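Observations on chain architecture
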Amino acid sequence: MTFAQFVDDVEGRELTLRVVNRTEADPVFGMLEDRFAGQDVVVEEIDDANAPENEVLLCEADEALAVSSLTEVRDSVLTVNSDLYITGSRPLEAVDTPEVIVGLGETTFSVGGHQKYLLIQLSREIEAMALQAGKGVLHSGFQELSRLDDERGTLAAYETLGDADLDVHVYGIPDADPLDHPGVALHGIDAAEIRDSWFVVFTSEREDVREAALVAVERESELWDGFWTFESELVGEVEAYIDSTYRDESTDQIADSS
């Protein structure tokens, strides 16, 4: 397998984000449409006299899978950008992804530009899940290790994760030594797939903890194909691939995890 094959093998689901009884201004709905333009996610709005105002339903066929308020979606996904996490303005403890966005798992995405924020948000969601769980294994691929140096908020997040009782592994082209922390293992790997892939994978031996994986591949400059999933079997397959291909084959393991 490769990360690209994992992405290609995911059978995208046809999902709908249905905005009910909207009173929010037109630009908010327009931003929601724009965020999912060109994806396998339909954005629509309806009026329903029996439903609350400004409700967003995640639907598959006629079944509602999750519900969030439009205000939650606006404040968490639509009116923010990646600087919120890059600068550290929103720490891991404050990550709160609306359920209708989390529920888009097993749907493939092709994103670039501002749409890439979806992948950033879900990366932080998985990292926050790991921190809350307190125990487990986290694998994160950053393309280049220097990105930890360049993104103050990301560096702070991984220092926080390293302080937890987690087994944390970070992968990237070995162009920097960005973090010297006993709780984080840096794997500097000079491989084309590492340069072109973005992944965050969390697993736990606890049955009451949800596992998760995000995998994305940069097929063209700043254009990403990917998915996220909470299906334990698929998460385990992605982790097994990372373990067998990169975790034990690092050319430059800079720090050992505790």
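I will try to describe carefully the structure that is included in this document. (Residues numbered from 1 in each chain as written. Predicted model: local features only at pLDDT ≥ 70, side-chain atom pairs only at ≥ 80, totals over all residues. Heavy atoms only, no water.)

1. A few points about the layout of surface pockets
Take a probe with the size of a water molecule and roll it over the atoms, and the empty space left behind shows itself. To keep it simple, the criterion reads: Space inside and on the surface of the protein is sampled on a 1 Å grid over the protein atoms alone, with a cavity defined as a set of points where a 1.4 Å probe fits but cannot get out and a pocket as an open set with protein on both sides within 12 Å along at least 5 of 7 lines; lining residues have an atom within 4 Å of a point. Grid points are joined across faces, edges and corners, and a volume is the space filled by probe spheres set on the points. Under the DSSP-based scheme used, a helix requires at least four consecutive residues in state H or I and a strand at least two consecutive residues in state E, with every element numbered from the N terminus. Following the grouping adopted for this structure description, the nonpolar residues are Ala, Val, Leu, Ile, Met, Phe, Trp, Tyr, Cys and Pro, the charged ones are Asp, Glu, Lys and Arg, and the polar ones are all others, Gly among them.
A volume near 450 Å³ is recorded for the largest pocket. The wall of the largest pocket is formed by 26 residues, among which Lys-116, Ile-120, Arg-147, Glu-151 and Trp-198 lie closest to the centre. At the level of elements, helix H4 (83-86), helix H6 (117-133), strand E6 (135-144) and strand E9 (197-203) are the ones that each hand at least two residues to the lining of the largest pocket. Sort the elements by how many residues they give to the lining of the largest pocket and H6 lands first, with five residues. Counted by class, the lining of the largest pocket contains ten nonpolar, nine polar and seven charged residues.

2. Focus on H6
To keep things clear, this is the line we draw: To estimate the expected span of a helix, subtract one from its residue number and multiply by 1.5 Å. Relative accessibility thresholds used throughout: buried, under 20% of the residue-type maximum; exposed, over 50%; partly exposed, between the two (1.4 Å probe, protein chains only).
Across its 17 residues, H6 extends 24 Å between first and last C-alpha, which sits within 8% of the 24 Å expected from 1.5 Å per residue. Of all 17 residues in H6, 15 are buried, a share of seventy percent or more. With its phi angle positive at about 85°, Gly-134 sits one or two positions after the end of H6.

3. Let's talk about the sheet that holds strand E2 (residues 41-46)
Where we set the bar: Being paired, for any two strands, means DSSP has found at least two bridges between them. Here, axes are lines fitted to C-alpha atoms. For helices the fit covers the stretch in contact, and angles between N-to-C directions go from 0 to 180 degrees. Contacts are assigned to residue pairs with any non-hydrogen atoms lying within 4.5 Å of each other.
Strand order in the open sheet formed by four strands is E2-E1-E3-E4, with mixed pairing between adjacent strands. The sheet terminates laterally at E2 and strand E4 (63-69), the two strands that pair on one side only. Direction aside, the axes of adjacent strands within the sheet are offset by 25° on average. By the bridge criterion, six bridges tie strand E1 (residues 15-20) to strand E3 (residues 55-60) in an arrangement that is antiparallel. Each residue of the ladder has a partner; that of Arg-18, found in E3, is Leu-57. Each of E1, E3 and E4 touches helix H3 (residues 70-78); the most contacted strand, E4, lies at about 70° to it.

4. Structural notes on the side chain of Arg-35
Put simply, the rule reads: His is not counted, nor are the chain ends, whereas Lys and Arg count as positive and Asp and Glu as negative. Salt bridge, as used here: a side-chain nitrogen of Lys or Arg that lies within 4 Å of a carboxyl oxygen of Asp or Glu.
Mapped onto the elements, Arg-35 comes out in helix H2 (residues 26-35). Although Arg-35 lies buried, it forms no salt bridge, and the closest oppositely charged side chain, Asp-34, sits 6.7 Å away as judged by the N-O distance. Excluding its chain neighbours within four sequence positions, the residues that come into contact with Arg-35 are Val-77, Leu-78, Val-80, His-114, Gln-115, Tyr-117 and Leu-118.

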